[in-house]
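# Structural characterization, general
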Amino acid sequence: MTDRLIEWLTMALGARISGEGIIFLISMIPILELRGGLLAASPAFLDVPILRAIPLCILGNLLPIPFILLLIEKVLDWMEKVPVLQKFALWLRNKADKHKGQVEKYGFWGLVLFVGIPLPGTGAWTGSLVASLLHMKIRKSFPAILLGIMLATIIMSLLSYGLIGAIFG
């Protein structure tokens, strides 16, 4: 599904935005994030050079994180008061609750691994949501999320440019 979404976004935006702009935007989108940005940048899709793609994907993935850490709890509280948005707010809280055990148990390093290991349902957005709802201090959660993004960058660069690059290069 991720591949199809990335393919659709690159096709839809390709005539309007540069490849660099596309991977920056993809890296900001929940679910896709840096992982999707690096996949889109790979030789299989946009063929953006890795040294240009990595900083753009990191910046795109990092940009929403302070806002999530600072505001998500207030936004969720407000959403729960709006009948049309209640289900979505509850779904987000349940998603965070499902993943918070690892972060609670291992703290800083649990958050690093949660953000950094590219599995479905993990990443900087969900990690920020979990950290915020656990009331982790920003001076602890933001560096953990940043380290997690760096770990995800290494893993996804090897996959996107190494394995996929070898197949499509």
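What you see is a predicted model; the values in this text were computed from it and never measured. (Residues numbered from 1 in each chain as written. Predicted model: local features only at pLDDT ≥ 70, side-chain atom pairs only at ≥ 80, totals over all residues. Heavy atoms only, no water.)

### Observations regarding the packing of helix α1 (residues 2-14) against helix α2 (residues 19-28)
Between α1 and α2, the shortest axis-to-axis distance is 10 Å and the interhelical angle comes to 135 degrees. Compared by their axis directions, α1 and α2 come out oblique. α1 and α2 meet at a crossing whose hand is right-handed. In contact with Leu9, Thr10, Leu13 and Gly14 of α1, α2 contributes Ile22, Leu25 and Ile26. Among the residues making up the contact of α1 with α2, the classes are represented as five nonpolar, two polar and no charged. (Axes fitted to C-alpha atoms, helices over the stretch in contact; angles between N-to-C directions. Helix = DSSP H or I, 4+ residues; strand = E, 2+ residues; numbered from the N terminus. Parallel < 35°, antiparallel > 145°, perpendicular 65-115°, else oblique. Left-handed = near helix turned anticlockwise from the far one by under 90°. Contact = heavy atoms within 4.5 Å. Nonpolar A, V, L, I, M, F, W, Y, C, P; charged D, E, K, R; others polar.)

### Some thoughts on the nonpolar core
Formed by 42 residues in total, the largest nonpolar core has its most connected members in Leu76, Leu111, Ile145 and Ile149. Those elements that place two or more of their residues in this core are α1, α2, α3 (33-41), α4 (50-62), α5 (65-81), α6 (86-116), α7 (124-133) and α8 (138-168). Ranked by the residues each element gives to this core, the list is headed by α6, at eight residues. For Leu76, the residues in contact, after removing those within four places along its chain, are Ala89, Leu92, Arg93, Leu129 and Leu133. (Core = buried A, V, L, I, M, F, W, Y, C linked by side-chain atoms within 4.5 Å. Buried < 20%, exposed > 50% of the residue type's maximum accessible area, 1.4 Å probe, protein only.)

### Notes on α7
Counting buried positions over the 10 residues of α7 gives nine, a clear majority of the element. Buried within α7 are the following residues: Ala124, Thr126, Gly127, Ser128, Leu129, Val130, Ala131, Ser132 and Leu133. Directly after α7, the chain includes His135, whose backbone phi takes a positive value near 60 degrees.

### Examining the pattern of salt bridges
Applying the stated criterion across every chain yields a total of four salt bridges. Arg52 is paired through a salt bridge with Glu20; the nearest N and O atoms lie 2.5 Å apart. Here Glu20 lies in helix α2 and Arg52 lies in helix α4, a separation of 32 residues in the sequence. Since its relative accessible area comes to 23%, Glu20 is described here as partly exposed. A salt bridge links Lys100 to Asp97; the nearest nitrogen and oxygen atoms lie 3.4 Å apart. Of this pair, Lys100 and Asp97 both sit in helix α6, separated by three residues, roughly a single helical turn. (Salt bridge = Lys/Arg side-chain N within 4 Å of Asp/Glu carboxyl O.)

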